[in-house]
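Spelled out, the chains give:
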Amino acid sequence: MDIDVMKKVPVSEQDPQVRATNFDEVNLGYTKDEAVLEASRCLTCKNARCVQGCPVSIDIPSFISRVKEGDVEGAYNVISLSSSLPAVCGRVCPQETQCEAQCVRGIKGEAVSIGRLERFVADTAKEMGIKPQLPADMVKKGKKVAIIGAGPSGLTCAGDLAKMGYDVTIFEALHKAGGVLVYGIPEFRLPKDKVVAKEVENIKALGVEIVTDCVIGRSLTIDDLFEQEGFSAVFIGSGAGLPRFMNIPGEQALGVFSANEYLTRSNLMGAFSPDSRTPIMRAKKAVIVGGGNVAMDAARTAKRLGSEVHVVYRRSEEELPARKEEVHHAKEEGIIFDLLTNPVEILTDENGWVKGCKCIRMELGEPDASGRRSPVPVEGSEFTIDCDAVIMSLGTSPNPLIKKTTSGLEVNKRGGIIVNEAEMTSRDGVFAGGDAVTGAATVILAMGAGKSAAKGIDEYLSK
Ligand SMILES: Cc1cc2nc3c(=O)[nH]c(=O)nc-3n(C[C@H](O)[C@H](O)[C@H](O)COP(=O)(O)OP(=O)(O)OC[C@H]3O[C@@H](n4cnc5c(N)ncnc54)[C@H](O)[C@@H]3O)c2cc1C
Ligand code: SF4
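The structure contained in this document is the topic of the report that follows. (Residues numbered from 1 in each chain as written. Chains lettered and ligands numbered in written order. Predicted model: local features only at pLDDT ≥ 70, side-chain atom pairs only at ≥ 80, totals over all residues. Heavy atoms only, no water.)

With that out of the way, let us pick up the pattern of salt bridges. With the rule as written, the count across this model stands at 24 salt bridges. Note that glutamate 100 and lysine 8 form a salt bridge whose closest N and O atoms lie 2.6 Å from each other. Of the two residues, glutamate 100 sits in helix α7 (residues 99–102) while lysine 8 sits in the segment before α1 (16–19), which places them 92 residues apart along the sequence. Between arginine 119 and glutamate 25 there is a salt bridge, with the nearest N and O atoms lying 3.2 Å from each other. In this pair, arginine 119 is assigned in helix α9 (residues 114–127) and glutamate 25 in the loop between α1 and α2 (32–39), connecting sequence segments 94 residues apart. As far as burial versus exposure is concerned, arginine 119 and glutamate 25 are alike and both buried. Here the salt bridges share partners, and the residues they tie into one network are Arg19, Arg189, Asp297, Arg300, Arg304, Glu326, Glu332 and Glu333. (Salt bridge = Lys/Arg side-chain N within 4 Å of Asp/Glu carboxyl O. Helix = DSSP H or I, 4+ residues; strand = E, 2+ residues; numbered from the N terminus. Buried < 20%, exposed > 50% of the residue type's maximum accessible area, 1.4 Å probe, protein only.)

And the structure:
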């Protein structure tokens, strides 16, 4: 195959018309030949800027060189030194603002497709039965560490601590491990059995125990973990699963959902499948409020469940916080974007069900604290979108349960747990990271925090 070195080797995708009716993965990934060709675009820079853009500092030129040579096992071993979830990151990380944003190839042409290569390596290694290994010189420490939450931060912290020789137990509130990877991000972007469950198995294979259906703050408290269960340190990776609402009239109506609830029904409980016993609303016309990745996931899920879908967002396309690729895919699948528009009221029928979403047009004013131009309502521009479901995707905050049941645990005004540079909280021996600290962010930042906390815990317990 001839390639234009200035451009990425394209990747195959399911046809938009076809995929809008199924939950199979959209992006089909590189074949071996495509991966080797794309790897050959990498200049193996000595001071690789891409590595500086990676929150977990994967040695990118080194793994790509191995792909070039066809050495998938070698490439996987390089990635595994820094990342415990490469098949996940290769699919959902915003590479365009991280490693790929720094790639020198991107100065005159398109950056090397680092994410697709990472996914190729992780998927191929899995097919070949290659797994991450405990270091040969690992010595058991004889100390127990508890992890709260089996999302990317908790899984990463657990994997790193297990490799250091600690006995690690994860306590997870849900019946499946993975956090947002299992309950939030849809199957068509991140297959659950094929990808997430396999990555979780790899972490268990390092000796990590996962206790599911255990809510810390209800089943056990953090004090119980220290005093009754004999743990020497605790990591809180409980995420930010508490949805926000608009507080507009009609928001309590039947047919209004938080994106978290809607996506959890579909992803974790498999409600998209006709065989599932979990109900999900298959709306005729759904309005999705918000413009982030969560809104795109809710919109594309509703589309696949047969709805006509309108994304209502109060700023313009330029400010949409979702990844460009997600917006592009949503548009290809026929999702309608009502930009510079904001809901003001949910209209209901005589039985309390949603029958419409009253909106107002917006225009952009002066930049706000985030640097983005503030949306300002255009007086007298109200109009109604007839619909039978409204899905609120306005962001989430950390759940206050752990704060309420743990004395001396300080949080900021947004509910994020306060930590020092070693990720230790205001409670001695209690560490935290990921969305529980930062508020809703990204998989790779949560993983970076989990890694850094594992180091902090090791230093704390080695004193
Ligand atoms: C729909 C959606 C799409 C997203 N898409 C992307 C994307 O494309 N790319 C990207 O990088 N990021 C994306 N994100 C953000 C990303 O998934 C999160 O930033 C990341 O998962 C945070 O990891 P975490 O480990 O901090 O928390 P989580 O993934 O939220 O995991 C926390 C875990 O803790 C458990 N838990 C909570 N409280 C307790 C308790 N009291 N006791 C025991 N267990 C508890 C929860 O059940 C959960 O399993 C998306 C988020 C959502 C919601
Ligand atoms: S910056 Fe780009 S070209 Fe250089 S090593 Fe990284 S991926 Fe390769």
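One open sheet holds the five strands; their spatial order is β3-β2-β1-β4-β16, and the pairing between them is parallel. Both outer strands of the open sheet, β3 (209–211) and β16 (430–432), are each paired with one neighbouring strand and no more. The sheet shows a mean angle of 20° between the axes of neighbouring strands, direction not considered. Sheet topology places strand β2 (residues 167–171) next to β3; three bridges connect them, and they run parallel. Within β3, the position partnered with threonine 169 by the bridge is glutamate 209. Against the sheet, helix α19 (residues 443–462) makes contact with β1 (144–148), β4 (233–236) and β16, and its axis sits at roughly 165° relative to β4, the strand it touches most. (Pairing = 2+ DSSP bridges. Axes fitted to C-alpha atoms, helices over the stretch in contact; angles between N-to-C directions. Contact = heavy atoms within 4.5 Å.)

Turning our eyes to something else, we now look at the packing of aromatic side chains. In this description, a pair of aromatic rings is defined by centroid distance and the angle of the planes. Tallied over the entire structure, the rule returns five aromatic pairs. Between phenylalanine 23 and phenylalanine 272 the ring centres are 4.4 Å apart and the planes differ by 20°, which places this aromatic pair in the stacked class. With phenylalanine 23 in the loop between α1 and α2 and phenylalanine 272 in the loop between α14 (259–267) and β7 (285–289), this pair connects stretches of sequence that are 249 residues apart. Classification of phenylalanine 23 as buried rests on a relative accessible area of 11%. Using a relative accessible area of 23% as the deciding quantity, one classes phenylalanine 272 as partly exposed. Within the aromatic cluster, the residues linked to one another by ring pairs are Phe23, Phe188 and Phe272. When the ring centre of phenylalanine 231 is taken as origin, the NZ or CZ atom of lysine 144, which lies over that ring, is 4.5 Å away. (Phe/Tyr/Trp six-rings, centres within 6.5 Å; stacked < 30°, edge-to-face > 60°. Lys NZ or Arg CZ within 6 Å of the ring centre and 35° of its normal.)

Running from N to C, α2 and helix α4 (residues 60–68) cross one another at 130°; their axes reach a closest spacing of 8 Å. It follows from the interaxial angle that α2 and α4 lie oblique. The handedness of the crossing between α2 and α4 comes out as left-handed. Of the residues in α4, those in contact with Ala35, Val36 and Ala39 of α2 are Ile64, Val67 and Lys68. Broken down by class, the residue content of the contact of α2 with α4 amounts to five nonpolar, no polar and one charged. (Parallel < 35°, antiparallel > 145°, perpendicular 65-115°, else oblique. Left-handed = near helix turned anticlockwise from the far one by under 90°. Nonpolar A, V, L, I, M, F, W, Y, C, P; charged D, E, K, R; others polar.)

Our focus in this paragraph is the layout of surface pockets. Approximately 440 Å³ is the volume found for the second largest pocket. Among the secondary structure elements, those contributing two or more residues to the lining of the second largest pocket are α6 (86–92), α7, α9 and α16 (324–332). Residues that form the lining of the second largest pocket fall into these classes: five nonpolar, seven polar and 13 charged. Residues lining the lining of the second largest pocket come from more than one domain, with at least three contributed by each of domain 1 (16–127) and domain 3 (245–394). (1 Å grid on protein atoms, 1.4 Å probe; cavity = no way out; pocket = protein on both sides within 12 Å on 5 of 7 lines; lining within 4 Å. Points joined across faces, edges and corners; volume = space filled by probe spheres on them. Domains from an automatic or database assignment.)

So, about the site of ligand 1. The immediate surroundings of ligand 1 are formed by 34 residues, with Val92, Ser153, Glu172, Arg189 and Ile216 found nearest. For ligand 1, an oxygen atom lies 3.2 Å from a polar atom in the backbone of proline 152. Take alanine 441: an N or O atom from its main chain is 3.2 Å from an oxygen atom of ligand 1. Top contributing element to the shell around ligand 1 by residue count: helix α15 (residues 293–304), with three residues. Two domains each provide a minimum of three residues to the shell around ligand 1, namely domain 2 (144–241 + 397–462) and domain 3 (245–394). (Near = heavy atom within 4 Å. Polar contact = N/O pair within 3.5 Å; in protein donor to acceptor, adjacent residues only side chain to side chain.)

Of the positions making up α16, those classed as buried are Glu326, Val327, His329 and Ala330. On an axial view of α16, the arc spanned by its buried residues comes to 165°, and they lie on one face. Buried residues in α16 make contact with α1, α15 and β9 (336–338). Downstream of α16 by one or two residues, glycine 334 has phi in the positive range, about 95°. (Arc of directions from axis to C-beta.)

Take the site of ligand 2 next. Around ligand 2, the structure places Cys42, Leu43, Cys45, Cys50, Pro61, Cys103, Val104, Val112 and Ile114. Counted by class, the shell around ligand 2 contains nine nonpolar, no polar and no charged residues.

In this fold, leucine 181 is placed in helix α11 (residues 180–183). Since its relative accessible area comes to 1%, leucine 181 is described here as buried. Spatially, the C-alpha atom of leucine 181 lies 14 Å from that of alanine 298, the residues being 117 residues apart in sequence. If sequence neighbours within four positions are ignored, leucine 181 has contacts with Leu85, Val88, Pro152, Leu190, Lys192, Val196 and Val443.

Looking now at the sheet that holds strand β6 (residues 256–258). Pairing is parallel in the open sheet, where five strands are placed in the order β6-β14-β7-β8-β9. Unpaired on one side and paired on the other, β6 and β9 mark the two borders of the sheet. Pairs of neighbouring strands in the sheet enclose a mean axial angle of 25°, with direction left out of account. Taken together, the five bridges between β7 and strand β8 (residues 308–312) define a ladder with parallel strand orientation.

Attention shifts here to unusual backbone geometry. Excluding glycine, residues mostly carry a negative phi; peptide bonds, for their part, are mostly trans. Phi at threonine 44 takes a positive value of approximately 45°, unusual for a residue other than glycine. Inspection of the secondary structure assignment puts threonine 44 in the loop between α2 and α3 (49–52). Look at threonine 44 and you get partly exposed, because its relative accessible area is 35%. The backbone phi angle of leucine 340 is positive, close to 50°, even though this residue is not glycine. A residue is classified by how much of its surface remains accessible, and leucine 340, at 25% relative accessible area, is partly exposed.

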